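Each chain, written out:
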Number of protein chains: 4
Amino acid sequence: MNAMSNAEVIDHEFNRLREKLPLWLQENRRFCRDGKVASYIPELSKASGNHLGIHIIDASGRSLSAGDCGVAFTMQSISKVFTLLLALMDRGEEAVFDKVGMEPTGDQFNSMLKLELVQPSIPFNPMINAGAIVISSLINGSGPAEKSERTLQFFRLLAGNNKLDFDNDVYRTESASADLNRSMAYFLKDKGVLACPVDEVLEVYFKHCSINATCSDLARMALVLASGGRDPVTGAALIPRRYVQIAKTFMITCGMYNASGQFAIQVGLPAKSGVAGGILTLVPGKYGIGVFGPALNPKGNSSAGVRLLETLSKEMNWSLF
Amino acid sequence: MNAMSNAEVIDHEFNRLREKLPLWLQENRRFCRDGKVASYIPELSKASGNHLGIHIIDASGRSLSAGDCGVAFTMQSISKVFTLLLALMDRGEEAVFDKVGMEPTGDQFNSMLKLELVQPSIPFNPMINAGAIVISSLINGSGPAEKSERTLQFFRLLAGNNKLDFDNDVYRTESASADLNRSMAYFLKDKGVLACPVDEVLEVYFKHCSINATCSDLARMALVLASGGRDPVTGAALIPRRYVQIAKTFMITCGMYNASGQFAIQVGLPAKSGVAGGILTLVPGKYGIGVFGPALNPKGNSSAGVRLLETLSKEMNWSLF
Amino acid sequence: MNAMSNAEVIDHEFNRLREKLPLWLQENRRFCRDGKVASYIPELSKASGNHLGIHIIDASGRSLSAGDCGVAFTMQSISKVFTLLLALMDRGEEAVFDKVGMEPTGDQFNSMLKLELVQPSIPFNPMINAGAIVISSLINGSGPAEKSERTLQFFRLLAGNNKLDFDNDVYRTESASADLNRSMAYFLKDKGVLACPVDEVLEVYFKHCSINATCSDLARMALVLASGGRDPVTGAALIPRRYVQIAKTFMITCGMYNASGQFAIQVGLPAKSGVAGGILTLVPGKYGIGVFGPALNPKGNSSAGVRLLETLSKEMNWSLF
Amino acid sequence: MNAMSNAEVIDHEFNRLREKLPLWLQENRRFCRDGKVASYIPELSKASGNHLGIHIIDASGRSLSAGDCGVAFTMQSISKVFTLLLALMDRGEEAVFDKVGMEPTGDQFNSMLKLELVQPSIPFNPMINAGAIVISSLINGSGPAEKSERTLQFFRLLAGNNKLDFDNDVYRTESASADLNRSMAYFLKDKGVLACPVDEVLEVYFKHCSINATCSDLARMALVLASGGRDPVTGAALIPRRYVQIAKTFMITCGMYNASGQFAIQVGLPAKSGVAGGILTLVPGKYGIGVFGPALNPKGNSSAGVRLLETLSKEMNWSLF
């Protein structure tokens, strides 16, 4: 074949995506039926299990979307990627990895087993709940209000969206029904891993989990990671490249709960999912992607969302591996 | 040999005890050196590791003592036997064993492993911390203050000592440093095992753990159990016999933390130990016994106290087995 | 009340037993329906789930029986009590408890968890499979044949029955389908707990599990334990009293798999059950008892057998506690 | 900057590597002192802890080496990558992943915990021992000899080295001291995961672990993976691209025992290590790399080898993330 220039290749890919995306979304919508909307708090259970949406932005700012993209949802565990980045920027690698490990666990996101079984009692990684709670304690700020405000501003900056905000109903309800996370936090406190009071840490944690976003917000935040930490529009360095590398690696090894290994094999992209049905993923150097599909499979990931990303990765040959 | 009457046998035993007890205590005092005084709160660490005392009361009210018997100490886990009895009297067997099991665990007293690993997530027995926390939630009363007051009155009644009281310094300090127990309580709350708020349950729990007693108080309380639930002096039924039977069985199978099996083999008496160094034990139908020796062995039991009871059981042929 | 002589009390009890036993058996037979006959090898699955039998011998040799007492069955785990005794007689306490612990586990009889989780990697007690396999390795003998022969002769002596023998069909089939026990044995071998080759140890282990007996054999063996190790007829000391004490204590704390705590509360007698439906139990100083009911409850104990013993213990006031 | 052609970039990189490799090797040699040579069998303990060597081959067949490259060593766990590939080629994805999972475990390579704790009882992934044993059972062949012969021929093909062979001393000794692997295999047999007899499976398993190789053999095998399954010289497709993708993904998520997450962050390349001190890794599309350094860190990976790869990844900007 005739050699295409780099720009031509990119256009070609983008055009194919534009043409096929609605079809691929439509084909995978049926997998919504295999999942169930999270119901542990009433606010989440209101979501429609039939929803499936995707938003893709490329490095030049062009965007595509398909399906139910207008719906806002709380970021939940997706926020863990960005609080990790903020904590790394606030404290540096050494301080962060003194309190949280780098290894996948194979256990459920809310398991406490390894905290008791493995010494030292630090969480295995920042993507499981115990680890993300520790990360919340490492964000700079004079108290939980300032920490939460700094987190929100950081998220707004990355999303290029000053309207990003907390969903206070979700925050209050999750905080009120958070006995298991509270149990984990007190365990960590007992082991000396948390420097702040448990209530303050959990306030920060539940606040960042409750930040409302749409697929396009996720896609924009993902694009910053895909661009090595730079604002894709202005080129400004928002996050040091090394920290982006760390975040992307965790997204590969532990981003999809205890289905991360399978996702790495079937999709092969750095990704993070949340219990409200969001998935943030990216194609390095190329695309930021936000997916929303609140019907969850048994591992806690968007049922149809994972299937849609499998289709995309196979069709577009996107796997890193 | 000439047959002795029952009363003669009792007198003979008692006389032998009176004669030998100081010697046996003296011989076992050296095992204090093998142990360490608990130090997780300053109040406990003040105890003298050299102390060893014992008080024995027989069914007719005669008492013997040897060693450091005048020292008061907090009952800690010993209180779990009596809150179990109170909960049984308040709620009945069925309600209690709906929320807590009957099996020894083989794990440490503060382990959370089985709560996550074994379904349903109820504590294995009322002698481990998780189980005793559940029991605290089952004591009748309009709130934690009333529950604690009822508990104290029950303990006073059994000890025949109206001066028995909470050690408020120990209570406050343990409550303030109770992250692991708090973690356990929130875990149980999450699983639906605790009906009351965590803070209220823990207030009751730490209050009864902080009740101050001496060896003679323990001996008197033990004598009620040795007498099948009756006040040994007045003959009044203080506790239904069936519940006493349940309590004594737990003392055999789980009373000495994860050294209960060994204690059953080496001593063979129902017993319960506490982290302040107390051991309450009994010879059914005959003796109530209180021991105090704050230097603890690695399993958390009074180092010299356990040895002294081994000597007594062997010399007096007291094992139930 | 008029004082009865000791002998009169015994006669009174025995007469009550004689009168009531058939009724009590009949009342509890319906619990056969709650259980299921073991089916992991065809030989066991042939047993009739409706069978329930009991045989009781008192210290003077008088015996009572009711129900399906003529049926022979393999001793299975019941044999663990007596191989423990033989190993203690062959090696002494210190050598035995260097290789196996004294604590109940709370785990299933065939669990390997604690072997990996708890250091040192010795089995928690001699009543779980891992522990009994270690005990098999401690029986004296130049090889597996001699060890098995010595075991059989010891069992015959205690049962007063020279016809006691291995069920070779059961032995061969269990040995051939023993992957999990083999897994356990190799794990113990790896940890240095087994001195002999795995195949030899397992031959001894499966051989003693396959010894055929009836309720009256179990009752006779139990009576030796109830008599402190003496032959109830000749008065000859067959087992040192101390070892009998150890065995009885294990029967209380770990004799009924992970329902031992519940059995101690509901029945309160030293007992050991086997997967073929047998239960051997005893009233110290008084009775040896053999029960057979092959329909097992979910914990692996004879469903109706446990219920029948609950009735007996309550009606006759037999609990040790 | 002036645009370089692709070929120029490659040459530039290769020249930098050629220039710097001896220096980087020298700088990292001191980390040999942080590790210890494996000693569980005498054959492994003979290796020199001071050895460190590396061999790199690029896609055009040019090779570089530094340090102790002439020494042969057994592949051990490195072979697991290639038996997985062979099993995938023999049986297909579905049959393979019916018997082994895709998730990292966080546990040690020889842990059995999750086999008992997580249902179904299939190994979490093919890189831990339990998983690799299952994979050995899935290689086609009429018996262990044929399976081993097919494995060897496959390894020879990939290494382009017909002299590759088993180290029979290592095979015999490992097979004879393999109680823990045997324990695992019998556990898997019990759960129905192994179709063949345990002894046959283990023969195949220990045989492929014992294949002798040098750094240049590893580099050549790695280059096939880096080339998407094609012979880099002839261009012939040796392994389907999809299976290579699967293998590379496992190498990222579970290739370096329970330090895989850390290696992914610090190095970011697909890699597999073995207990003899080898590491096979690759830069997709560019390089196959073999490293040898028998002094192991506490997680079981070559101590200096990991450090050398960290230097290379940072200096050459090789991380996939």
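None of the values given here were measured: they were computed from a predicted structure.

Reading guide: rules and limits
Residues numbered from 1 in each chain as written. Chains lettered and ligands numbered in written order. Predicted model: local features only at pLDDT ≥ 70, side-chain atom pairs only at ≥ 80, totals over all residues. Heavy atoms only, no water. Least-squares fit on C-alpha atoms with pLDDT ≥ 70 in both. UniProt positions renumbered as here; feature names shortened; annotations may be inferred. Helix = DSSP H or I, 4+ residues; strand = E, 2+ residues; numbered from the N terminus. Contact = heavy atoms within 4.5 Å. Axes fitted to C-alpha atoms, helices over the stretch in contact; angles between N-to-C directions. Parallel < 35°, antiparallel > 145°, perpendicular 65-115°, else oblique. Nonpolar A, V, L, I, M, F, W, Y, C, P; charged D, E, K, R; others polar. Buried < 20%, exposed > 50% of the residue type's maximum accessible area, 1.4 Å probe, protein only. Pairing = 2+ DSSP bridges. Domains from an automatic or database assignment. Buried area = accessible area lost by both parts, 1.4 Å probe. Salt bridge = Lys/Arg side-chain N within 4 Å of Asp/Glu carboxyl O. Polar contact = N/O pair within 3.5 Å; in protein donor to acceptor, adjacent residues only side chain to side chain.

### Quick word on the relation of the copies chain B and chain C
Once turned by 180° and shifted 0.0 Å along the axis, chain B lies on chain C with an RMSD of 0.0 Å. The superposition of one copy onto the other is thereby described by a two-fold rotation axis.

### Focus on the UniProt feature "binding site: substrate" (unreviewed entry) in chain A
Residues and elements named next belong to chain A. Per the UniProt record, "binding site: substrate" (unreviewed entry) is found at S77, N129, E174, N181, Y205, Y257 and V275. The topology assignment puts S77 in the loop between β4 (73-74) and α3 (79-97). Ignoring anything within four residues of it in the chain, the contact list for S77 reads Y257, K272, S273 and G274. Note on placement: N181 falls in helix α8 (residues 179-190). Ignoring sequence-local partners within four residues, the contact set of N181 consists of N129, I133, L202, Y205 and F206.

### What about the packing of helix α6 (residues 129-138) of chain D against helix α10 (residues 198-209) of chain D?
Residue and element names in this part refer to chain D. At a minimum axis separation of 8 Å, α6 and α10 run at an interaxial angle of 110°. Comparing their axes, α10 and α6 come out roughly perpendicular. Side by side, α6 and α10 meet where N129, A132, I133, S136 and S137 of the first sit next to V201, L202, V204, Y205 and H208 of the second. Partitioning the contact of α6 with α10 into residue classes produces six nonpolar, four polar and no charged.

### Here we look at the pairing of strand β2 (residues 53-58) of chain A
All names here are of chain A. Counting buried residues along β2, six of its six residues qualify, which places the element largely inside the surrounding structure. By the alternation rule, side chains of β2 split into G53, H55 and I57 and I54, I56 and D58, which are all buried. Inspection of the sheet shows β2 paired to strand β3 (residues 63-67) by five bridges, in the antiparallel sense. Counterpart to I57 in the pairing with β3 is S63. Summarising the sheet, β2 and strand β9 (residues 287-292) pair through six bridges and their orientation is antiparallel. Its bridge partner being in β9, D58 is matched across the sheet by Y287.

### Focus on the relation of the copies chain A and chain D
It takes a turn of 180° to lay chain A on chain D, together with a shift of 0.0 Å along the axis; the resulting RMSD is 0.0 Å. The overlap is high: 100% of the interface residues of chain A also sit at the interface in chain D, so the same surface is used on both sides.

### With respect to the sheet that holds strand β9 (residues 287-292) of chain D
Residues and elements named next belong to chain D. Judged by pairing direction, the sheet is antiparallel, and its five strands sit side by side in the order β3-β2-β9-β8-β7 without closing on themselves. The open sheet has two edge strands with one neighbour each: β3 (63-67) and β7 (271-273). On average, each strand axis in the sheet is inclined to that of its neighbour by 10°, with strand direction left out of account. Relative to strand β8 (residues 278-283), β7 is paired through three bridges, and the arrangement is antiparallel. Counterpart to A271 in the pairing with β8 is T281. Its contacts with the sheet place helix α14 (residues 303-316) against β2 (53-58), β8 and β9, and it is angled at close to 15° to β8.

### So, the domain arrangement of chain A
Residue and element names in this part refer to chain A. By domain assignment, chain A separates into domain 1 (9-74 + 213-316) and domain 2 (77-209). Between domain 1 and domain 2, the contact holds 32 residues from the first and 37 residues from the second. Where domain 1 abuts domain 2, roughly 2800 Å² becomes buried across the two surfaces, and 76% of that area is made up of carbon and sulfur atoms. Per-residue buried area on domain 1 facing domain 2 is highest for M221, Y243 and F250; these three make up 23% of the total on that side. Taken together, domain 1 and domain 2 are joined by one salt bridge. Among the salt bridges present, the one from R242 reaches E93, with a minimum N-O distance of 3.0 Å. Across the contact surface, domain 1 and domain 2 share six residue pairs in polar contact (both at pLDDT 80 or more). For the side of domain 1 that touches domain 2, the elements supplying multiple residues, two or more each, are α2 (42-45), α10 (215-226), α11 (241-254), β7 (271-273) and β8 (278-283). When residues in the side of domain 1 that touches domain 2 are grouped by element, the largest group, nine residues, is from α11. For the side of domain 1 that touches domain 2, the class distribution of residues is 21 nonpolar, six polar and five charged.

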